[in-house]
Amino acid sequence: MEDCIFCKIIKGQIPSTIVYEDSDIIAFRDVDPQAPVHILVIPKKHISSLIDLKEEDELLIGKIYTVINKIAKKEEINEDGFRVIVNCGENGGQEVKHLHFHILGGKKLGLKICE
Ligand code: 5GP
Ligand code: ZN
């Protein structure tokens, strides 16, 4: 997608701090971190949001969770715990229209996730 900032990050047209990459998935640090560890995990395939997922994407989404597991261990937030968030659409607070999974950790997160 031409105007998608995350597609530009995938192509290296926008700089980012990449923490993981394979043929299907890339993960990089959020530019405006909300926790000591704040990483975005995204499919390289442009999928606009969770609601646009197709059955053919099931394996890819499963793989994303395995990557999240690996990143959590590498970032050493696996023992203390962390949170994974997917914002979807206007009411969900999704700003970037390329499916992404937030990994948040490194501190005790508040329980109020709905404000
Ligand atoms: P959303 O609100 O769509 O779920 O989250 C989008 C996230 O992308 C935000 O946390 C925001 O800080 C992050 N973000 C937006 N633009 C960039 C960018 O150019 N680089 C990086 N690394 N993160 C970005
Ligand atoms: Zn995109």
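Refer to the preceding data block for the structure.
So, how was this worked out
Every chain is numbered on its own, with residues counted from 1 as its sequence reads. Following the order in which they are written, the chains are lettered starting with A and the ligands numbered starting with 1. Per-residue local features are limited, in this predicted model, to residues with pLDDT of at least 70; the limit for side-chain atom pairs, both in listing and counting, is 80 or more; totals at the level of whole chains, interfaces and linings are taken over all residues. Each side-chain value is worked out from all heavy atoms of the structure, with water and hydrogens disregarded. For this purpose, a residue is taken to be near a molecule or strand whenever a single non-hydrogen atom of the residue falls within 4 Å of it. Side-chain atoms alone can form a polar contact between residues adjacent in sequence; in general such a contact is a pair of N or O atoms within 3.5 Å, and within protein one must be able to donate a hydrogen while the other accepts it. Method for areas: the Shrake-Rupley scheme with a 1.4 Å probe, in which residue coverage is limited to the protein chains shown. Here a cavity means grid points, on a 1 Å grid over the protein atoms only, where a 1.4 Å probe fits yet cannot get out; a pocket means an open set of points with protein on both sides within 12 Å along at least five of seven lines; lining residues are those with an atom within 4 Å of a point. Any molecule with more than half of its atoms within 2 Å of a cavity's or pocket's grid points is regarded as sitting in that cavity or pocket. In this text, helices come from DSSP runs of H or I with a minimum length of four residues, and strands from runs of E with a minimum of two, each type numbered from the N-terminal end. Three categories are distinguished: nonpolar for Ala, Val, Leu, Ile, Met, Phe, Trp, Tyr, Cys and Pro, charged for Asp, Glu, Lys and Arg, and polar for the others, with Gly belonging to the last. Note on aromatic pairs: the rings of Phe, Tyr and Trp (six-membered ring only in Trp) are paired at centre separations within 6.5 Å, and the planes decide the class, stacked below 30 degrees, edge-to-face beyond 60, tilted for the rest. Burial classes follow relative accessibility: with a 1.4 Å probe on protein chains only, a residue under 20% of its type's maximum area counts as buried, one over 50% as exposed, and anything between as partly exposed. Pairs of residues are marked as contacts when any of their non-hydrogen atoms sit within 4.5 Å. In this analysis, the expected span of each helix is defined as 1.5 Å times one less than the number of residues it contains. Arc definition: directions from the helix axis to the C-beta atoms. Throughout this description, the term nonpolar core refers to a set of buried Ala, Val, Leu, Ile, Met, Phe, Trp, Tyr and Cys residues connected via side-chain atoms within 4.5 Å.

Quick look at the site of ligand 1
So, step 1. Close to ligand 1 lie 16 residues; Asp30, Asn87, Glu95, His100 and His102 are nearest.
So, step 2. One nitrogen or oxygen atom from the side chain of aspartate 30 is found 2.5 Å from an oxygen atom belonging to ligand 1.
So, step 3. In this structure, asparagine 87 approaches ligand 1 through a side-chain N or O atom, which is 2.8 Å from an oxygen atom.
So, step 4. Protein burial of ligand 1: of its 520 Å² of free accessible surface, 84% is covered by the chains.
So, step 5. Taken atom by atom, the bulk of ligand 1 overlaps the largest pocket.
So, step 6. Of all the elements in the fold, those that place two or more residues in the shell around ligand 1 are α1 (5-10) and β2 (25-29).
So, step 7. The element that contributes the greatest number of residues to the shell around ligand 1 is α1, accounting for three residues.
So, step 8. Tallied by class, residues from the shell around ligand 1 come to seven nonpolar, five polar and four charged.

Some remarks on the packing of aromatic side chains
So, step 1. The full count for this structure, using the stated rule, is two aromatic pairs.
So, step 2. Measuring from centroid to centroid gives 5.4 Å for phenylalanine 6 and phenylalanine 28, while their planes differ by 75 degrees, and the two rings are edge-to-face. Separated by 22 residues along the polypeptide, phenylalanine 6 in helix α1 and phenylalanine 28 in strand β2 bring together distant segments of the chain. Across this residue pair, the class does not change: phenylalanine 6 and phenylalanine 28 are buried.
So, step 3. Plain terms: the ring middles of tyrosine 65 and phenylalanine 101 are 5.6 Å apart, the flat faces sit at 85 degrees to each other, and that makes the pair edge-to-face. With tyrosine 65 in helix α2 (residues 58-74) and phenylalanine 101 in strand β5 (residues 101-105), this residue pair connects regions lying 36 residues apart in the sequence.
So, step 4. You can call tyrosine 65 partly exposed: its relative accessible area is 44%.
So, step 5. Owing to a relative accessible area of 2%, phenylalanine 101 belongs among the buried residues under this scheme.

Some words on the side chain of serine 49
So, step 1. Position of serine 49 among the secondary structure elements: in the loop between β3 (37-43) and α2.
So, step 2. Given the relative accessible area of 7%, serine 49 is considered buried.
So, step 3. Excluding anything up to four places from it in sequence, serine 49 contacts Cys88, Gln94 and Leu99.

As for α2
So, step 1. For α2, which comprises 17 residues, the first-to-last C-alpha distance of 25 Å matches the rise-based estimate of 24 Å (1.5 Å per residue) to within 8%.
So, step 2. Those residues of α2 lying buried are Leu60, Ile61, Ile64, Val67, Ile68, Ile71 and Ala72. Mapping the buried residues of α2 onto a view down its axis gives an arc of 140 degrees, with all of them on the same face. Among the exposed residues of α2, those oriented more than 90 degrees off its buried face are Glu58 and Leu59.

Comments concerning the nonpolar core
So, step 1. Counting residues in hydrophobic clusters, the biggest one holds 19 residues, and the most contacted among them are Ile39, Val41 and Ile71.
So, step 2. Listed by contribution, the elements that provide at least two residues to this core are β1 (18-21), β2, β3, α2 and β5.
So, step 3. The element contributing the most residues to this core is α2, with seven residues.
So, step 4. Residues Cys4, Ile9, Leu40 and Val96 belong to the second largest nonpolar core, which totals nine residues.

In short, the description is geometric, and any link to function would need to be established separately.
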